[in-house]
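Structure at a glance
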Amino acid sequence: MKRRISILLAAVMVLSMAACGTPPASSSSTGDPGSGSVPGSSAAPTPAASGTIYGLDRQNTMVLGMASDIKGLDPMLSSTRTEASVLHMHLCDTLAWREDDGTTTPRLAKSWEQVDDTTWQFVLQEGVTAHDGSKLTSEDVKFTMERAMSDPQFAQFQLPEQVGLTQVVVVDEQTFQLKLKAPTNVMDFWLFETPILPKSYYEGKKSEELDSVVGYGPYTFVEWVRDDHIILKANENYWQGAPAIENLVFRVIPEESARINELLAGSVDFAEQISIDIGDQANSDFTHLDAREGLRKLQLTISIEKGNPALRDVRVRQALNYAVDKESICENILSGYTHPYDSYVNPANNDPSLKAYPYDPDKARALLADAGYAQGLELTLVSPSSRYGLDREVTMQMAADLEAVGIKVKCEYMELGVFLEKLDAHELTDLVWVGWAALVNPVVENLILTSGHVDNSATYSNPEFDALYQKLALSMDKEEQQKLNYQCQQIVWNDCPWLFGWKLPQLHGLNNRVQWDLRCDGYFDTFNAKLA
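None of the values given here were measured: they were computed from a predicted structure.

1. Some points on the overall build of the protein
Helices and strands together make up the secondary structure of the protein, namely 14 helices and 20 strands. Across its three principal directions, the C-alpha atoms of the protein cover 70 × 65 × 40 Å. Looking at the protein as shown, the accessible area adds up to about 20,600 Å², and 48% of this sits on carbon and sulfur atoms. Placing the 44 positive and 74 negative side-chain charges of the protein at their respective mean positions leaves the two points 3 Å apart.

Written as structure tokens, this is what we have:
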């Protein structure tokens, strides 16, 4: 789930330089699921898409097998990457776009500038129309922002809170200003999280009253049948030109094995979230596994204040990092799809002087002895039973490596919902298997480690780090920002509030007829996809 980030109102510019009531479902139906192969049938699959699906020509339709559904039709209530992908990126469109390397590029806003410490001025693209035919103007932006600020249920629409928005001023039809409480340099980052809603459609409607999604995006809404499918049609009037694929069908297929079977049967063109241990099953004469290292970092957070008192000693935490053979886990359990990361901050904002802790069990034992634990200690490792793929295998190997240096580890596995509830309540100790930050933004990536932050499950607190972060959050100079960012990383890398791990691999299955450069942050954008 896309976790909400409570960031300081005054924060810095992204240092990215190179290289993620319930409204009723529609009751109408456009046809039967289709005439393609049935998963598990004896009929030989064929690479050519043919027939129809929900009354749509299969040849011009891309079918995506998704692990989960959207919860509703109000874009402001999106809390997962699936919802943001469908509602924000395909239907609504956003003020700006975030590339894989973290850079921000114009979208509905063609330009913007900071005119004084607390005022940002934007100019909208010209000739943009919504799906209902209404023209995009500054009044639509004002309506969107004020709607988000009017009701706590829209807290997932984060720009107003994160940048300290106080007022939207309409300068003219294409120009508007955002007035802030204090200076901020993270405006660019949050513009991507900002779907714009046409006032003409949403004004006066409650979330539960919406029976469609109207926006400015490359696709228009056709149908949603809850827990079954969503149908979108190419917007022929899209301001950047109509997308290459005429129809999109997002089918909800929760079971991973079923998604793979449907891919092999030719019933879907894309199967998301395939586990490493069964990834090879996505390969056939006309399908393939798309595997790439993602942006999300995985690690064992170390409960410093609430866990075993031994964890308060930095030597013990460093020993944990030397004790685990991360390279071996990545190669032998994770099939070489990823490698240990060199910093908790993603490239290109990571400090290049830092390197992953090497596997050195002798040094781990020496550090434990120096800290007074030559006879070892006992810890608990808590993990979701299934979230990131091979969680049990990975954590059990980590526990075995730790036991080899004298640290006895008890592994506990929880159903994901229970795990997340306890994680949010900071009830988990001593070592907790979690992922963080599928993004490129050093402000947000450092924020989680500030004292008292809601997502700081390690209960890590270092006054020197906090002071540097405050300077980073207020700095307006790019060179100074980079220097402070590096200093923050050096402190954390030495303090080891986490047993640092690796990037989460992203594995998806694709039909060979699909030409698609997938993102590394977990969002799905088919505007650049084509069907052969």
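2. Digging into the nonpolar core
As a rule of thumb, nonpolar side chains are buried together in soluble globular proteins. With 150 residues, the main nonpolar core has Leu95 and Trp516 as its most contacted residues. The greatest single-element share of this core, amounting to seven residues, is contributed by strand S18 (residues 498-511). Discounting residues that sit within four places of it in the chain, Leu95 has contacts with Pro106, Arg107, Leu108, Ala109, Leu124, Val141, Met145, Phe176, Leu191, Thr194 and Ile196.

3. Brief notes about the sheet that holds strand S7 (residues 119-124)
Strand order in the open sheet made by the four strands is S6-S7-S9-S8, with antiparallel pairing throughout. Looking at strand neighbours, the two that pair on one side only are strand S6 (109-116) and strand S8 (165-170), the edges of this open sheet. Taken over all neighbouring pairs, the strand axes of this sheet differ in orientation by 20 degrees on average, direction set aside. Judged from the six bridges that link them, S6 and S7 form a sheet pairing that is antiparallel. Across the sheet, Asp116 pairs through a bridge with Thr119, a residue of S7.

4. Some words on the pattern of salt bridges
Here the structure, examined in full by the defined rule, presents 19 salt bridges. Of the charged contacts, one joins Lys71 and Glu83 as a salt bridge, the two residues approaching to 2.8 Å between their closest N and O atoms. Note that Lys71 is positioned in the loop between strand S3 (61-66) and helix H1 (81-92) and Glu83 in helix H1, a separation of twelve residues in sequence. We classify Lys71 as partly exposed; its relative accessible area is 43%. Across the salt bridge formed by Glu427 and Lys422, the nearest N and O atoms sit 3.6 Å from each other. Three or more residues joined by partner-sharing salt bridges are found here, namely Arg58, Asp269 and Arg513.

5. A few points about unusual backbone geometry
Between Pro347 and the following residue, Ala348, the backbone shows a cis peptide bond with an omega angle of 10 degrees. Relative to the helices and strands, Ala348 is located in the loop between helix H8 (326-333) and helix H9 (361-370). Cis rather than trans, the peptide bond between Thr429 and Asp430 has omega equal to 0 degrees. The topology assignment puts Asp430 in the loop between helix H11 (416-424) and strand S17 (431-436). A positive phi angle, close to 55 degrees, is found at His426, a residue other than glycine. Of note, His426 is situated in the loop between H11 and S17. Even without being glycine, Thr459 reaches a positive phi, approximately 50 degrees. Secondary-structure assignment places Thr459 in the loop between helix H12 (442-447) and helix H13 (463-474). Residue classification places Thr459 among the buried residues on the basis of a relative accessible area of 16%.

6. Looking at the packing of aromatic side chains
Applying the stated criterion to the full structure yields 22 aromatic pairs. Between the aromatic rings of Tyr341 and Trp493, the centroid separation amounts to 6.3 Å while the plane-to-plane angle is 50 degrees, which identifies the pairing as tilted. One end of the pair, Tyr341, is in the loop between H8 and H9; the other, Trp493, is in helix H14 (residues 478-495), and 152 residues separate them in sequence. The class for Tyr341 is buried, based on a relative accessible area of 3%. Relative to Phe524, the ring of Trp516 has its centre 6.4 Å away and its plane inclined at 50 degrees; by these criteria the two rings are tilted. Each residue in the set Tyr322, Tyr341, Tyr344, Tyr357, Trp493, Trp498 and Phe500 is aromatic and connected to the rest through ring pairs, giving one cluster. For Arg98, the ring lying beneath its charged end belongs to Phe189, and the centroid distance is 4.0 Å. Sitting above the plane of the Trp97 ring, Arg107 keeps its charged end 3.7 Å from the centroid.

Conventions used here
- Residue numbers restart at each chain and count upward from 1, following the sequence in its written direction.
- Where totals are concerned, whole chains, interfaces and linings use all residues; where local detail is concerned, this predicted model gives features only for residues with pLDDT of at least 70, and gives and counts side-chain atom pairs only at 80 or more.
- The basis for the side-chain values is all heavy atoms of the structure; hydrogens and waters are excluded.
- Secondary structure follows DSSP: runs of H or I at least 4 residues long count as helices, runs of E at least 2 residues long count as strands, and numbering of each begins at the N terminus.
- Surface accessibility follows the Shrake-Rupley procedure with a 1.4 Å probe radius. Residue values consider only the protein chains on display as shielding.
- The charged-residue count follows a simple rule in which Lys and Arg add positive charge and Asp and Glu add negative charge, with His and chain termini not counted at all.
- All charge positions are set by atom: Lys at NZ, Arg at CZ, Asp at CG, Glu at CD.
- Only buried residues count toward a nonpolar core, which is a set of Ala, Val, Leu, Ile, Met, Phe, Trp, Tyr and Cys residues joined through side-chain atoms within 4.5 Å.
- Buried, partly exposed and exposed residues are distinguished by accessible area as a fraction of the type maximum, computed with a 1.4 Å probe on protein chains only: under 20%, between the cut-offs, and over 50%, respectively.
- By the convention used here, residues are in contact when the closest approach between their heavy atoms is within 4.5 Å.
- In short, DSSP must find at least two bridges between two strands for them to pair.
- Between the N-to-C directions of two axes lies an angle of 0 to 180 degrees, each axis being a line fitted to C-alpha atoms and, for a helix, fitted only over the stretch in contact.
- Throughout this description, the term salt bridge denotes a Lys or Arg side-chain nitrogen within 4 Å of a carboxyl oxygen of Asp or Glu.
- Each Phe, Tyr or Trp ring, with Trp reduced to its six-membered ring, pairs with another whose centre is within 6.5 Å; inter-plane angles below 30 degrees give stacked pairs, above 60 give edge-to-face pairs, and intermediate values give tilted ones.
- Any Lys NZ or Arg CZ that is within 6 Å of a ring centre and within 35 degrees of that ring's normal is treated as a charge sitting over the ring.

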